[in-house]
Amino acid sequence: EIVNKSSLLRERALQSLVQEIAAFDHDQSDEMLLLTRGRELGYDLKPPRITFVIDLFQFNHITSEIHHQALKMDSPEIYIQSLKINIESKIKSIFSNNQDITVSLGSDKYVVFHMLDGEIDDEDIPEMIKKKCKLLIAVLKELGIDASIGIGTIGSNLTALNESYHAAWRALRIGKKMTNHPDIFYIKDFILE
């Protein structure tokens, strides 16, 4: 119970941190305060990161199916909870740097602030991140779950990380309007000349 409580508190603190990054405004917000909040949770928010938004395809449909078949199983709620834990652990296994921030938003969406390795050239970054996304989609497919992923821009500071977060959501929105099947949507692929 104590372990559960402390991990729940940490999860809430991380969700709050992600919301603060999403709402960060250089003119209005206190950058030092946010950096300190990150440090308290064990994250250095200064190195460059890229944002991924993972949207589980028809997850609500999957959970309603589980509830529909509830007569055959002991506890559908526990099954759904263990499925969510499994999904999150799969995401964390792909984005496994201890500085990667992974947070669930609602029951079917996840945000990842993936810290970029300083040794990777800028030209190689799109290829590397798409490779990670393809791997994640394959791993989730093994669980019987399809996902769409929105990829933002590179955030080299808090203002740019805020922009990266919103760009990832934009990429996901645009991508889902363009196609009705799960896919990887990178914001840079949607930028017009």
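Read on for a plain summary of the structure.

Reading the values: rules and limits
- Residues numbered from 1 in each chain as written.
- Predicted model: local features only at pLDDT ≥ 70, side-chain atom pairs only at ≥ 80, totals over all residues.
- Heavy atoms only, no water.
- Helix = DSSP H or I, 4+ residues; strand = E, 2+ residues; numbered from the N terminus.
- Buried < 20%, exposed > 50% of the residue type's maximum accessible area, 1.4 Å probe, protein only.
- Contact = heavy atoms within 4.5 Å.
- Areas by Shrake-Rupley, 256 points an atom, 1.4 Å probe, with all protein chains shown as cover.
- Pairing = 2+ DSSP bridges.
- Salt bridge = Lys/Arg side-chain N within 4 Å of Asp/Glu carboxyl O.
- Phe/Tyr/Trp six-rings, centres within 6.5 Å; stacked < 30°, edge-to-face > 60°.
- Axes fitted to C-alpha atoms, helices over the stretch in contact; angles between N-to-C directions.
- Parallel < 35°, antiparallel > 145°, perpendicular 65-115°, else oblique.
- Nonpolar A, V, L, I, M, F, W, Y, C, P; charged D, E, K, R; others polar.
- Core = buried A, V, L, I, M, F, W, Y, C linked by side-chain atoms within 4.5 Å.

1. Structural notes on the overall build of the chain
Now for step 1: For the chain, the count of helices and strands is six helices and five strands.
Now for step 2: Within the chain, buried positions represent 40% of all 193 residues.
Now for step 3: The long-range fraction of contacts in the chain, counting pairs at least 24 apart against all pairs at least 6 apart in sequence, stands at 67%.
Now for step 4: Accessible area for the chain stands at about 11,200 Å²; split by element, carbon and sulfur atoms hold 52% of it.

2. Details of the pairing of strand S2 (residues 101-105)
Now for step 1: Within S2, four of the five residues are buried, leaving the element largely enclosed by the surrounding structure.
Now for step 2: Hairpin connection between S2 and strand S3 (residues 109-115): a loop of three residues separates the two successive antiparallel strands, and glycine 106 in this loop has a positive phi of roughly 75 degrees.

3. Topic: the pattern of salt bridges
Now for step 1: What the rule picks out here adds up to seven salt bridges.
Now for step 2: Between aspartate 55 and lysine 109 there is a salt bridge, with the nearest N and O atoms lying 3.4 Å from each other. Placement of aspartate 55 in strand S1 (residues 49-56) and of lysine 109 in strand S3 is noted, with a sequence separation of 54 residues between them.
Now for step 3: Judged by its relative accessible area of 6%, aspartate 55 is buried.
Now for step 4: Look at lysine 109 and you get partly exposed, because its relative accessible area is 22%.
Now for step 5: Bridged by salt links that share partners, the residues Asp55, Asp108, Lys109 and Lys176 form one connected network.

4. Comments concerning the packing of aromatic side chains
Now for step 1: Taken as a whole, this structure holds four aromatic pairs when the rule is applied.
Now for step 2: Seen from their ring centres, tyrosine 165 and tryptophan 169 are 6.3 Å apart, and the 70 degrees between their planes marks the pair as edge-to-face. Of this pair, tyrosine 165 and tryptophan 169 are both found in helix H6 (residues 158-178), four residues apart, which corresponds to roughly one turn of the helix.
Now for step 3: Take tyrosine 165: its relative accessible area is 10%, and that puts it in the buried class.
Now for step 4: Between phenylalanine 185 and phenylalanine 190, the aromatic rings sit 6.4 Å apart at their centres with planes inclined by 35 degrees, giving tilted as the arrangement.
Now for step 5: Given the relative accessible area of 22%, phenylalanine 190 is considered partly exposed.

5. Here's the deal with the pairing of S1
Now for step 1: In terms of burial, S1 is largely enclosed, as eight of its eight residues are buried.
Now for step 2: A two-sided burial pattern is seen for S1, the buried positions comprising Arg49, Thr51, Val53 and Asp55 on one face and Ile50, Phe52, Ile54 and Leu56 on the other.
Now for step 3: Relative to S3, S1 runs antiparallel, the two being bridged by seven bridges. Looking at S3, one finds that arginine 49 is bridged to methionine 115.
Now for step 4: When S1 meets strand S4 (residues 147-155), the two strands line up antiparallel, connected through seven bridges. Pairing of isoleucine 54 across the sheet is with isoleucine 149, part of S4.

6. With respect to the packing of helix H1 (residues 2-22) against H6
Now for step 1: Running from N to C, H1 and H6 cross one another at 100 degrees; their axes reach a closest spacing of 8 Å. Classified by the angle between their axes, H1 and H6 sit roughly perpendicular to one another. Across the interface between the two elements, Val18, Ile21 and Ala22 of H1 pack against Leu161, Asn162, Tyr165 and His166 of H6.
Now for step 2: For the contact of H1 with H6, the residue count by class is five nonpolar, two polar and no charged.

7. Re the nonpolar core
Now for step 1: Counting 26 residues, the largest nonpolar core has Leu17, Leu45, Ile101 and Phe113 as its most contacted members.
Now for step 2: Mapped by element, the contributors of at least two residues to this core are H1, helix H2 (31-40), S2, S3 and H6.
Now for step 3: Among the elements that line this core, the one with the most residues is H6, at eight residues.
Now for step 4: Membership of the second largest hydrophobic core comes to 25 residues, among which are Ile94, Phe95, Tyr110 and Cys133.

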